[in-house]
Amino acid sequence: MSKDLVETPRSFGDMMLAPVRLYKTIGEDIYAHRSTNPLNSLLLKIYLYAGFINFNLLVCGELIFFYKSMQDFETVRLAIAVAPCIGFSLVADCKQFTMALHKNTLTRLLNELEDMHPKTLEEQRAYKMESFERTMRRIIGIFTFLCLAYTTTFSLYPAIKATIKFNFLGYETFDRNFGFLIWFPYDATGNNLVYWITYWDIAHGAYLAGIAFLCADLLLVVVITQLCMHFSYIATRLEEHPCHSDRDLENVRFLSSMIKYHDKCLTLCEHVNNMYSFSLLLNFLMASMQICFIAFQVTESTIEVILIYCIFLMTSMVQVFLVCYYGDALIAASLRVGDAAYNQSWFQCSKSYCILLKMLIMRSQKPAMIRPPTFPPISLVTYMKANGSARGTLFTTTTTNSTIIIIRSIGTTNTTTTTTTAAVHQHQQHLPPPGWAAFATLVDVDVPYWNRVRLASFVLSSPRPFRPGRALSATAPPGGQFL
C-alpha cells in the first residue's frame, strides 16, 4: 500500500473501497445517487429489500423460539443460546435502519469529505495520509475477518459436520441441523429439498446480518479516520506557522482559513454523532448482554460449541473496542488543535490575531466526540467501564450457573416433596477467618424432576452482612465439606 501511495495519489474512493464493495453484496449501494444504470440500481434495491424481509422473518422465528424455550426449565439453556444471536440481529437491523433514515445526511457527509480529501501526492504527504490509511486498513481487515468468521462458522458448521460424519465416518443418517435456533411453522428437516432451501435461506440471512453489522462500523472507521487526518493537519499547520510580526494581514488570513477549516470539521463530526448516537447506544447495551450470555453458554457446552461462541465473543469485544478506539482518537486529534494554537509564537502578532487565536483555542477545548444518549463520550475510558460492567454481570451470571443451592427434591414414586439439609463440618485447624460465617442454606425452589438430592449447599459469606439472593460461590473452604 505504501509503495502505491508513493507512486500514485490515493483517492477518497480507495479509502471507501471495503465498505462500498461489501455493502453491494447485500444490495446496498452507498453511491446509488451517482449511478448511471437505473436498472442495476433497481435490481440492487429489490435484492436488498427482499433480503431484509427474509432476515426479519428469521429473527421473528428466533424470538418465538426464545419465548417457547423460556416456558420450560429444561429448555432455558436453549433460550440463553439463542439470546446472543437475537441481540446481534437486532443491532444489525438498527444499524441498517439508521443508515436508511439518515441516507441524505450520509450522502452529504461523504461528498464533503471527498471534496476535502487531499488530491495530489504532495498534499497527501502533508496530511500524513499513508500512516492513517495503513492503520485503518489493518483494523478493517481484522474486524472484517472476525465478523465474517462468526457468521460463516454458525452458518456452515452443521452442514460440514454432517457431511463429514455421513461420507467419511460411516454414519447411516445425515443429521439435518441448522446453525441457529429458529422456530419454523413447518417441518424444516422432514424433507431433503425443504431442508436445503431453508438451510441456505438461513445462511443468506446470517451473511446479510453480518455485513449490515460490519459495514456500518467500517463506514464509521473511514469517516473518523478522515476527520482525524484533517484535525492533525490543522494542528500541524498551526504549529509550523512562523507568525512574522511584519506580516499581520497574512497571519490573519491564514488563521481565518484555519478557523473555517476547523469549524467545517466540527460540523461534520456533529453529523456523524447524529447518525450514530442511538445505534451506538444499542450497540453497547447489546454487546454487554451478548458477552454475558455467550460466556454463560460456554460454561456448559462441548469444545466445538465453545470454539464457535468464542469467535462470537471476540467479535463483540473487538467491535466495542474498535468504536471506542476511534472515538478516543477523534477526541485526542481535536484537542491537539488547541495545544498547537497555543504553541505558536502568537506574542509576536497583532491584537486582532490574538483575539482570533483565543476564539480558536476556546472552541477546541470542547473536543469533537461521538456520544450516545445517556452515555459519556465514546473513548477508551468508556470501553474500560463497559468492559468492567460486563465482567461484573458475567461474574454474577456464571456464579449463579455454577452454584448449587437447590436442596429440595421430588420423589420418584409420588409427588411428596422431601427436604434435606446440609451439615457443615469444620476442623479446628482450618477455622474460617474472624468475621466470616458459614451458612447451610435451605432453598425452596420449584425444580424439574430430580431423582434424589445429590448435593447440599455450603455457602461461605464475606465479612459484609449476608443478604438473601446474593450470588455466592458454592466452593467449600479448607475444613468445610459437602454431605
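Residues numbered from 1 in each chain as written. Predicted model: local features only at pLDDT ≥ 70, side-chain atom pairs only at ≥ 80, totals over all residues. Heavy atoms only, no water.

A. Here's a closer look at the side chain of N283. The residue N283 is located in helix α10 (residues 248–298) in this model. Sequence-distant contacts of N283, that is, excluding residues within four places in its chain, are made with V91, K95, F213, D217 and Q319. (Helix = DSSP H or I, 4+ residues; strand = E, 2+ residues; numbered from the N terminus. Contact = heavy atoms within 4.5 Å.)

B. A look at unusual backbone geometry. Its identity as a non-glycine residue notwithstanding, K128 has a phi of 55°, on the positive side. Tracing the backbone shows K128 in the loop between α7 (121–126) and α8 (129–167). The residue C243 is not glycine, and still its phi comes out positive at about 55°. The residue C243 is located in the loop between α9 (192–240) and α10 in this model. Given a relative accessible area of 0%, C243 falls into the buried group. (Buried < 20%, exposed > 50% of the residue type's maximum accessible area, 1.4 Å probe, protein only.)

C. Examining the pattern of salt bridges more closely. If you walk through the whole model with that rule in mind, you get nine salt bridges. Here R137 ties to E133 by a salt bridge, and the two come within 3.0 Å at their closest N and O atoms. With R137 and E133 both in helix α8 and four residues apart, this pair spans about one turn of that helix. On the basis of relative accessibility, which here comes to 0%, the residue E133 falls in the buried class. (Salt bridge = Lys/Arg side-chain N within 4 Å of Asp/Glu carboxyl O.)

D. The arrangement of the nonpolar core in detail. If you look at the biggest cluster of nonpolar residues, it comprises 113 residues, and the most contacted ones within it are M16, F231, L238 and L330. It is α9 that contributes the most residues to this core, 27 residues altogether. In contact with L238, not counting residues within four places along its chain, are F254, L255, M258, V337, A340, A341, Q344 and L360. (Core = buried A, V, L, I, M, F, W, Y, C linked by side-chain atoms within 4.5 Å.)

E. A look at a nonpolar patch on the surface. On the surface, I160, I164, F168, L169 and Y171 cluster together to form a nonpolar patch covering roughly 550 Å² of accessible area. The residue F168 is located in the loop between α8 and α9 in this model. (Patch = residues over 30% accessible without salt bridge, like charges linked within 9 Å, V, L, I, M, F, W, Y side chains within 5 Å. Areas by Shrake-Rupley, 256 points an atom, 1.4 Å probe, with all protein chains shown as cover.)

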